[in-house]
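One letter stands for each residue in the lines below.
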Amino acid sequence: MKYKDIDPKLFIKNRERFRKEIKKDSVAVFHSNDIMPTNADGTLPFRQNNDIFWMSGIDQEESILLVAPDAPYSYFKEALFIRETNEEIAIWEGHKLTKEEAKKISGIENVFWISEFDTIFKDVVTNSENIYLNTNEHLRAKVLVETRERRFIDKCQKDYPLHKYERLAPIMHKLRSVKDPIEIEIMREACSITEKAFRRILKYVKPGVNEFEVEAEIFHEFLRNGSRGPAYSSIIAGGFSSCVLHYVENDKALKDGDILLMDFGAEYANYASDMTRCIPVNGRFTERQKQIYNSVLKVMKEAKELLVPGNNWIDYHKEVGKIMEAELISLGLLDANAVKNQDPENPLYKKYFMHGTSHFIGLDVHDVGNKYHPFKEGMAFTCEPGIYLREESLGIRIENDIIVSKDGPIDLMASIPIEVEEIEDLMNEK
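Here the residue numbers are simple positions, counted from 1 along each chain's written sequence. In keeping with the model being predicted, local features are shown solely for residues with a pLDDT of at least 70 and side-chain atom pairs are shown and tallied solely at 80 or more, while totals for entire chains, interfaces and linings include all residues. Calculated side-chain values reflect all of the structure's heavy atoms, with hydrogen atoms and water omitted.

Participant: Tell me what's going on with the pairing of strand β13 (residues 380–383), and back it up with residues and numbers.
Facilitator: The buried label applies to any residue whose accessible area, calculated with a 1.4 Å probe on protein chains only, is under 20% of its type's maximum; exposed applies above 50%, and partly exposed to all values in between. Numbering goes from the N terminus for both helices and strands, where a helix is a DSSP run of H or I of at least four residues and a strand is a run of E of at least two. Every second residue of β13 is oriented toward a common face, with A380 and T382 on one face and F381 and C383 on the other, all of them buried. Here β13 runs beside strand β16 (residues 400–403); their pairing, made up of four bridges, is antiparallel. Bridged to F381 within β16 is I402. Two strands form a pair only when DSSP identifies at least two bridges running between them.

Participant: Quick one: what's the story with the environment of E392, residue by residue and with numbers?
Facilitator: Mapped onto the elements of the fold, E392 is located in the loop between β14 (386–389) and β15 (394–397). Counting along the chain gives 277 residues from E392 to S115, while the straight-line C-alpha distance between them is 61 Å. Definition of a polar contact: a pair of N or O atoms within 3.5 Å, with one able to donate and the other able to accept a hydrogen when the atoms are protein atoms, and with sequence-neighbouring residues admitted only if both atoms are side-chain atoms. Polar side-chain contacts of E392 include one of 2.9 Å to the side chain of R288.

Participant: Explain the pattern of salt bridges to me, and be specific about the residues and the numbers.
Facilitator: Take a side-chain nitrogen of Lys or Arg and a carboxyl oxygen of Asp or Glu: if they are within 4 Å of each other, that pair is a salt bridge. Counted by the stated rule, this structure contains 40 salt bridges. A salt bridge links R148 to D34; its shortest N-O distance comes to 3.2 Å. A residue pair is termed long-range when its members are at least 10 positions apart, and R148 in helix α6 (residues 148–159) and D34 in the loop between β1 (26–31) and α2 (50–56) qualify at 114 residues. A residue is classified by how much of its surface remains accessible, and D34, at 19% relative accessible area, is buried.

Participant: Describe the environment of A216, listing the residues and the values that go with them.
Facilitator: Examined against the element boundaries, A216 turns out to sit in helix α9 (residues 211–224). With 47 residues separating them in the primary sequence, A216 and D263 have C-alpha atoms 14 Å apart.

Participant: So what about helix α13 (residues 420–427)? Which residues, and what values?
Facilitator: Along α13, the positions that sit buried rather than exposed are V420, I423, E424, L426 and M427. Here the buried residues of α13 occupy an arc of 165 degrees about the axis, which is enough to place them on one side. Contact definition: two residues touch when any of their heavy atoms are within 4.5 Å. Those residues of α13 that are buried lie in contact with α8 (181–204), β12 (275–280) and α10 (287–304). Arc definition: it is the arc formed by the directions from the helix axis to the C-beta atoms.

Participant: Quick rundown of the packing of α8 against α13? Include the residues and the values.
Facilitator: A packed helix pair is summarised by two numbers, namely the angle formed by the two axes and the spacing between the axes. In this analysis an axis means a line fitted to C-alpha atoms, helices contributing only their contacting stretch, and an angle means the value between N-to-C directions, from 0 to 180 degrees. Orientation of α8 relative to α13, taken along the N-to-C sense of each, is 60 degrees, at an axis distance of 8 Å. It follows from the interaxial angle that α8 and α13 lie oblique. Between α8, through R199, L202 and K203, and α13, the contact on the second element is made entirely by I423, L426 and M427. Each residue is assigned to one of three groups, with Ala, Val, Leu, Ile, Met, Phe, Trp, Tyr, Cys and Pro labelled nonpolar, Asp, Glu, Lys and Arg labelled charged, and all others, Gly among them, labelled polar. Here the contact of α8 with α13 is composed, by residue class, of four nonpolar, no polar and two charged. Our angle categories are set so that under 35 degrees counts as roughly parallel, over 145 as roughly antiparallel, 65 to 115 as roughly perpendicular, and the remainder as oblique.

Participant: Tell me about the side chain of D411, residues and numbers included.
Facilitator: Within the fold, D411 resides in strand β17 (residues 410–411). Residue D411 is classed as buried on the basis of its relative accessible area, which comes to 13%. At a separation of 2.9 Å, a polar atom in the side chain of D411 contacts the side chain of N400. Within the local environment of D411, its side chain forms a polar contact with the backbone nitrogen of M413, the two atoms lying 2.8 Å apart. Non-local contacts of D411, meaning those with residues more than four positions away in its chain, are made with K304, N400, D401 and I402.

Participant: For the sheet that holds strand β11 (residues 271–272), give the residues involved together with the corresponding values.
Facilitator: With antiparallel pairing, three strands are arranged side by side in an open sheet as β7-β10-β11. Edge positions in the sheet fall to β7 (229–230) and β11, since each of these pairs with one other strand and no more. With two bridges connecting them, β7 and strand β10 (residues 266–268) associate as antiparallel partners. Bridge assignment links G229 to a residue of β10, and that residue is E267.

Participant: Any details on the sheet that holds β1? Residues and values, ideally.
Facilitator: Taken in spatial order, the six strands make up an open sheet running β4-β3-β2-β1-β5-β6, and their pairing is mixed. Strand pairing shows two members of the sheet lacking a second neighbour, β4 (111–113) and β6 (164–167), which therefore form its edges. Neighbour-to-neighbour, the strand axes of this sheet turn through a mean angle of 25 degrees, independent of strand direction. With three bridges connecting them, strand β3 (residues 78–82) and β4 associate as parallel partners. Bridged to F81 within β4 is F112.

Participant: Tell me about α9, residues and numbers included.
Facilitator: Every helix has an expected span of 1.5 Å times one less than the residues it contains. With 14 residues, α9 extends 20 Å between its outermost C-alpha atoms, agreeing within 8% with the 20 Å of an ideal straight helix rising 1.5 Å per residue. Of the positions making up α9, those classed as buried are E211, V214, E215, E217, I218, E221 and F222. The buried residues of α9 all sit within an arc of 155 degrees when viewed along its axis, so they share a single face. Elements in contact with the buried residues of α9: α8, β7, β8 (235–238), β9 (259–264) and β10.

Below, the structure written as structure tokens:
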């Protein structure tokens with residue numbers, strides 16, 4: 001792997017937290033992701049399933065984790081199954097984990113070859129009442145392909161129809177939403193790589209450069225700093241495209257006088273960063289661009305102060321909406337009387353700020369978590385207000401990654417240039 005070794009204490013602690021959440025006489029099973037095909041004999045780069053990675057640190061295909069705290073034999077209470085390698089696999093695909101390496105990474109003593117899974121699972125499951133299985137229950141997920149987890153659910157329910165089945169997803173959403181200090185440090189490294197890419201871009205952008213050339217500079221900085229690449233599809237949007245929320249074509253030339261909105265983030269050790277910055281293509285904001293930019297920045301600074309323990313998703317977004325309303329009124333974009341008489345279910349600010357302010361972030365850029373539960377210390381959120389003026393071809397969004405703390409929000413991107421003057425000075429530095 002490109003990233004530095006992760007302290008196995010993280011995964012040992014994660015499994016301890018998990019065991020407290022499941023019923024007595026239960027077995028839980030976590031599967032790796034498939035290697036996805038393209039066409040002919042091509043495949044996409046492997047990306048591990050985040051739940052098995054969070055539980056074990058194993059970042060390899062064809063892996064299974066079994067957790068059965070009440071199993072009659074100690075060596076089945078937690079067992080890891082990995083792909084058995086051979087000389088031919090080593091020649092064609094390279095090194096695969098040995099049992100000793102898997103033990104060192106995960107802190108799991110009992111490591112078996114995956115060919116042994118069915119036999120061991122049968123032994124464990126016949127001494128269990130409940131079977132915990134995993135599915136992707138993210139609210140934004142649209143699962144169109146059959147996963148290893150889905151195939152295992154079908155097989156398991158066919159082979160063991162009289163057991164009680166339980167959902168892993170709610171437990172994992174609860175646990176993964178609160179980050180361990182080790183996780184926060186990994187996320188901090190992802191943000192640091194993102195910062196390096198942004199500082200590189202400030203020296204590079206000028207009229208006539210293509211959006212995809214900017215994207216290439218970002219990728220370069222990611223890869224040279226140990227990132228696998230972007231945590232999500234990068235948005236490199238000049239001019240009118242800055243008003244398109246999920247613009248990913250990145251195929252247009254940048255024009256003098258336009259704003260360039262960039263929404264990108266490095267992935268590091270499977271953890272995401274997510275940053276948005278807007279810069280003037282020619283190195284100087286116009287007065288109008290500066291006015292809108294500073295309004296968004298003001299909202300962002302006030303919004304992140306609301307990411308504190310005990311607050312909740314609904315109240316948070318209502319309060320940010322009020323802050324944005326006041327700012328849009330001050331800009332002359334909304335009428336104060338109209339706002340006073342608006343339909344509260346369809347607030348007028350949504351014309352210019354139509355998306356949410358925050359989402360969970362972690363192993364997924366839109367990480368798992370329950371938005372109906374109060375914020376807890378250790379949760380990680382983005383903070384990303386925006387104002388989009390389509391008639392002016394001007395979209396401004398500013399985004400940082402924030403850790404909820406009892407001592408106030410911790411901004412993992414506090415060192416990344418964000419003020420108008422700072423951006424202009426760096427862009428015009430000789």
